[in-house]
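Coordinate inspection notes
So you can see what is in the structure, the chains are spelled out below.
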Amino acid sequence: EIVMTQSPATLSVSPGERATLSCRASQSVSSNLAWYQQKPGQSPRLLIYGASTRATDIPARFSGSGSGTEFTLTISSLQSEDFAIYYCQQYDNWPRTFGQGTKVELK
Amino acid sequence: EVQMVESGGGLVKPGGSLRLSCAASGFSFGTYSVNWVRQAPGKGLEWVSSISSSSSYINYADSVKGRFIISRDNAKKSLYLQMNSLRAEDTAVYYCARERGWFDPWGQGTLVTVSS
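Residues numbered from 1 in each chain as written. Chains lettered and ligands numbered in written order. Predicted model: local features only at pLDDT ≥ 70, side-chain atom pairs only at ≥ 80, totals over all residues. Heavy atoms only, no water.

**Here's the deal with the overall build of chain A**
Each helix and strand in chain A was counted, giving 0 helices and 11 strands. Its C-alpha atoms give chain A a radius of gyration of 13 Å, within 12% of the compact-globule value 13 Å for 107 residues. For the C-alpha atoms alone, the extent of chain A along its principal axes is close to 35 × 25 × 25 Å. Look at the contacts in chain A between residues 6 or more apart in sequence, and 57% of them connect residues 24 or more apart. Averaged over its 9 positive side-chain charges, chain A has a centre that lies 3 Å from the centre of its 8 negative ones. (Helix = DSSP H or I, 4+ residues; strand = E, 2+ residues; numbered from the N terminus. Rg over C-alpha atoms; globule rule 2.2 N^0.38 Å. Contact = heavy atoms within 4.5 Å. Lys, Arg positive; Asp, Glu negative; His and termini not counted. Charge placed at Lys NZ, Arg CZ, Asp CG, Glu CD.)

Pasting the structure below:
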């Protein structure tokens, strides 16, 4: 099983600041990586797939990068609606596995 | 609008059974793999099971293998999860999701509580 490790667990950011979230895979997943956003009481929403392709209707301030074992989600200028938990997920191998999440909170 | 809507959750005793359903709309259901993913209260996301478009390929997480059965009815645009021998650790919100490697969209989830 591929273990996905996200860091940091919690990121305290002020509105308008840049947020950088990391995701590491225990073995290469090529570019088969997705990012999701989940707000309290809501289901997860797809942000990024293929490590760097934004999903439909996702604002340009969200960007993904990386390949192999190291990945990054960047939110260029945090808006109030971006405070949430973010998960990475690999789909290179079975079982599909998720990171434990990074909570982006208001500083 | 592409949509997935789960139903069938509830309170069940340890060792009991429950069947979840997921109704899909807004896309050609029979051409996609679909999955179940769960989230225990206050915890992260855990993939549970996957079924391919024609039901030819099925995968389960080790934690549910031998107890859960995934199935689909393409004519009804529906996905199912038969959960047997339920344990307290199966307590979670269960989401269905269309899969293309990544999961999108997700349903709103249905809560399963296993407790005596």
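**Some words on the state of the cysteines**
Residues and elements named next belong to chain A. Tallied over the entire structure, the rule returns 2 disulfides over all chains. Across the disulfide, Cys23 is cross-linked to Cys88 (sulfur-sulfur distance 2.1 Å). As the torsion about the S-S bond is roughly 75 degrees, the Cys23-Cys88 disulfide counts as right-handed. Of this pair, Cys23 sits in strand β3 (residues 19–25) while Cys88 sits in strand β9 (residues 84–90), and the two are 65 residues apart along the sequence. On the basis of relative accessible area, Cys88 is assigned to the buried category, the value being 0%. (Disulfide = S-S within 2.5 Å. Buried < 20%, exposed > 50% of the residue type's maximum accessible area, 1.4 Å probe, protein only.)

**Quick notes on the sheet that holds strand β1 (residues 3–7) of chain B**
Residues and elements named next belong to chain B. Judged by pairing direction, the sheet is antiparallel, and its 4 strands sit side by side in the order β1-β3-β8-β7 without closing on themselves. The two strands at the open ends of the sheet, each matched to only one other strand, are β1 and β7 (68–73). Strand-to-strand twist in this sheet, taken as the mean axis angle between neighbours without regard to direction, amounts to 15 degrees. As judged from the 6 bridges shared by β7 and strand β8 (residues 78–83), these two strands associate in the antiparallel manner. Across the sheet, the residue bridging to Phe68 is Met83, located in β8. (Pairing = 2+ DSSP bridges. Axes fitted to C-alpha atoms, helices over the stretch in contact; angles between N-to-C directions.)

**Concerning the pattern of salt bridges**
Under the defined criterion, the tally for this structure stands at 8 salt bridges over all chains. Its salt-bridge partner being Arg96 of chain A, residue Glu99 of chain B comes within 2.9 Å of it at the nearest N-O pair. Separated into two different chains, Glu99 of chain B in strand β9 (residues 92–100) and Arg96 of chain A in the loop between β9 and β10 (97–98) make up a pair that spans both. Comparing Glu99 of chain B with Arg96 of chain A, the two get one shared label, buried. What emerges from the salt-bridge pattern is a single network uniting Arg38, Glu46, Arg67 and Asp90 of chain B. (Salt bridge = Lys/Arg side-chain N within 4 Å of Asp/Glu carboxyl O.)

**So, the pairing of strand β2 (residues 10–13) of chain A**
All names here are of chain A. Alternating residues of β2 divide into Leu11 and Val13, all buried, and Thr10 and Ser12, none buried. In this structure, β2 lies alongside strand β11 (residues 102–106), joined through 4 bridges in parallel fashion. Pairing of Leu11 across the sheet is with Val104, part of β11.

**Quick look at the nonpolar core**
Side chains of a nonpolar character, in soluble globular proteins, are inclined to be buried together. Ranked by internal contacts, the top residues of the largest apolar core, which has 66 residues, are Trp35 of chain A together with Trp36 and Tyr94 of chain B. Broken down by element, the residue count for this core peaks at 5 residues, all from β9 of chain B. (Core = buried A, V, L, I, M, F, W, Y, C linked by side-chain atoms within 4.5 Å.)

**Let's talk about the interface of chain A and chain B**
Between chain A and chain B, the residue contacts involve 15 residues of the former and 19 residues of the latter. Summing both sides of the interface, chain A and chain B together bury roughly 1,400 Å²; the carbon and sulfur share of this comes to 68%. By the criterion of area lost to chain B, the three top residues of chain A are Pro44, Trp94 and Phe98 of chain A, representing 36% of everything that side buries. If you look at where chain A meets chain B, you find 1 salt bridge. Our enumeration of links across chain A and chain B arrives at 7 residue pairs in polar contact (both at pLDDT 80 or more). Counting only elements with at least two residues in the side of chain A that touches chain B, the list comes to β4 (33–38), β5 (45–49) and β9 of chain A. A per-element tally of the side of chain A that touches chain B places β4 of chain A first, with 3 residues. When the residues that make up the side of chain A that touches chain B are grouped by side-chain class, the tally is 10 nonpolar, 4 polar and 1 charged. (Buried area = accessible area lost by both parts, 1.4 Å probe. Polar contact = N/O pair within 3.5 Å; in protein donor to acceptor, adjacent residues only side chain to side chain. Nonpolar A, V, L, I, M, F, W, Y, C, P; charged D, E, K, R; others polar.)

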